[in-house]
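Secondary and tertiary structure notes
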Amino acid sequence: MLQHLTNLFFPKSCAGCQSFLLNNEKVICTKCRNEIPLTNFHLNPENELIKKFYGRLDLEFAAAKFYFHKMGIVQEMMHKLKYKGQEEIGEMIGYWYGEELKDIEIIKSADFIIPVPLHKKRLRERGYNQVDEFGKALSKELNTPFEDKILVRKLYSKTQTKKNLLGRTEINQNVFDVVFSEKHHNKHFIIVDDVITTGSTLEICAKALKKIPGSKISIICMAMSHS
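Conventions used here
- Along each chain, numbering runs from 1 in the same order as the chain's sequence is written.
- Predicted model: local features are reported for residues with pLDDT of at least 70 only, side-chain atom pairs are reported and counted for 80 or more only, and whole-chain, interface and lining totals are derived from all residues.
- The side-chain numbers reported here are obtained from all heavy atoms of the structure, hydrogens and water having been left aside.
- Counting from the N terminus, the helices are the DSSP runs of H or I reaching at least four residues and the strands are the DSSP runs of E reaching at least two.
- When accessible area is computed with a 1.4 Å probe and restricted to protein chains, residues below 20% of their type maximum are described as buried, those above 50% as exposed, and intermediate ones as partly exposed.
- Any two residues whose heavy atoms approach within 4.5 Å at even a single point are treated as in contact.
- Computed with a 1.4 Å probe, the accessible areas rest on the Shrake-Rupley method; for each residue, only the protein chains presented here act as cover.
- By definition, two strands form a pair when at least two bridges between them are found by DSSP.
- Whenever a helix is involved, its axis is fitted only over the stretch in contact; in every case the axis is a line through C-alpha atoms, and angles between N-to-C directions fall within 0 to 180 degrees.
- When the strands point away from the viewer and the connection leading from the first strand across the helix to the second strand turns clockwise, the crossover is called right-handed.
- Angles are sorted into four bins: roughly parallel if under 35 degrees, roughly antiparallel if over 145, roughly perpendicular if 65 to 115, and oblique for all others.
- Two helices that cross are described as forming a left-handed crossing if the nearer one is turned anticlockwise from the farther one by less than a right angle, and a right-handed crossing if clockwise.
- Residues are grouped as follows: nonpolar covers Ala, Val, Leu, Ile, Met, Phe, Trp, Tyr, Cys and Pro; charged covers Asp, Glu, Lys and Arg; every other residue, Gly included, is treated as polar.
- Within this document, salt bridges are pairs made up of a side-chain nitrogen of Lys or Arg and a carboxyl oxygen of Asp or Glu, the two lying within 4 Å of each other.

1. Comments concerning the overall build of the protein chain
When helices and strands are tallied, the protein chain shows nine helices and six strands. Here the protein chain, with 227 residues, has 47% of them falling under the buried criterion. Of all intrachain contacts in the protein chain linking residues separated by at least 6 positions in sequence, the fraction that spans at least 24 positions is 75%. Total accessible area on the protein chain is roughly 12200 Å²; 51% of this is exposed by carbon and sulfur atoms.

Have a look at this one:
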């Protein structure tokens, strides 16, 4: 009853289209949920995302839940997640995608879920890592530990939000490093991120994790940029 009264006087809006949410809707409305562009990459081992890394990385698995189109529903959601503090968006996507991924055999073999990290200075500025709630929700659905201390970002860089999405500058190869012990040897790591564009950031993250003896790498993102 209290929740109904709260929604009556302080109605929540859809993260995709800003319409008011009904009592049975959470984060996004039913209309947006049905219109959001799904990739279905998890159903195809040779999907578009894993092909993006051919010749660059040897991956166990790669998938993204949504296609990211300029001015679309997913762009609106990702903007609110990253810059407006709406971390519940990442959490919702994590539970949604985790439900679809949890019965995939290669995913069952994963040992750790690793978020693409922010530099400490960026984390203080923003107050949160927009990938964390996505990763934690996946962790619960997949029964795989979430670990945000292994992969670290050493270098601080200015935001590139004003650059064209597909024209962002390449990042320094030494941006990321790993902190690990023998217990992390021969493990399967899932790197999680929000939107993948060129794949450069994820490639460098994966190569950093490859410093761990016997490591295997998979990638799961919320969305992938699509022309």
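So much for the structure itself; the text now carries on.
2. As for the sheet that holds strand 2 (residues 112–115)
The strand order across the open sheet formed by four strands is 1-6-5-2, and the pairing between neighbours is parallel. Single-partner strands in this sheet number two, and they are strand 1 (61–68) and strand 2. Strand-to-strand twist across the sheet, computed as the mean angle between neighbouring axes with direction ignored, equals 20°. Two elements, strand 5 (residues 188–196) and strand 6 (residues 216–225), share eight bridges in a ladder whose sense is parallel. Counterpart to Ile 196 in the pairing with strand 6 is Met 224. Those strands touched by helix 9 (residues 200–209) are strand 5 and strand 6, and its axis lies near 165° from that of strand 5.

3. Section: the pairing of strand 6
Among the 10 residues of strand 6, nine are classified as buried, and the element is accordingly described as predominantly covered. Here seven bridges tie strand 1 to strand 6, and the two strands are oriented parallel to one another. Within strand 6, the position partnered with Phe 61 by the bridge is Ser 218. Handedness of the crossover joining strand 5 and strand 6 through helix 9: right-handed.

4. As for the packing of helix 5 (residues 88–101) against helix 8 (residues 132–142)
Contact pair helix 5 / helix 8: the axes reach a minimum separation of 7 Å and the direction vectors enclose 30°. As far as their axial angle goes, helix 8 and helix 5 are roughly parallel. For the pair helix 5 and helix 8, the crossing hand works out as right-handed. For the pair helix 5 and helix 8, contact is made by Gly 90, Glu 91, Ile 93, Gly 94, Tyr 95, Tyr 97, Gly 98, Glu 99 and Leu 101 and by Glu 133, Phe 134, Ala 137, Leu 138, Lys 140, Glu 141 and Leu 142, respectively. Looking at the contact of helix 5 with helix 8, its residues break down into eight nonpolar, three polar and five charged.

5. Side note on the pattern of salt bridges
What the rule picks out here adds up to 12 salt bridges. Here Lys 80 ties to Glu 76 by a salt bridge, and the two come within 3.5 Å at their closest N and O atoms. Placement of the pair is Lys 80 and Glu 76 together in helix 4 (residues 73–83), with a separation of four residues, close to one helical turn. Among the residues examined, Lys 80 registers a relative accessible area of 10% and is labelled buried. By relative accessible area, which is 29% here, Glu 76 ends up partly exposed. Between Glu 203 and Lys 207 there is a salt bridge, with its nearest N and O atoms 2.9 Å apart. In this pair, Glu 203 and Lys 207 both sit in helix 9, four residues apart, roughly one turn of the helix. On the accessibility criterion, Glu 203 (14% relative accessible area) is buried. One salt-bridge network, held together by shared partners, links Arg 56, Glu 203 and Lys 207.

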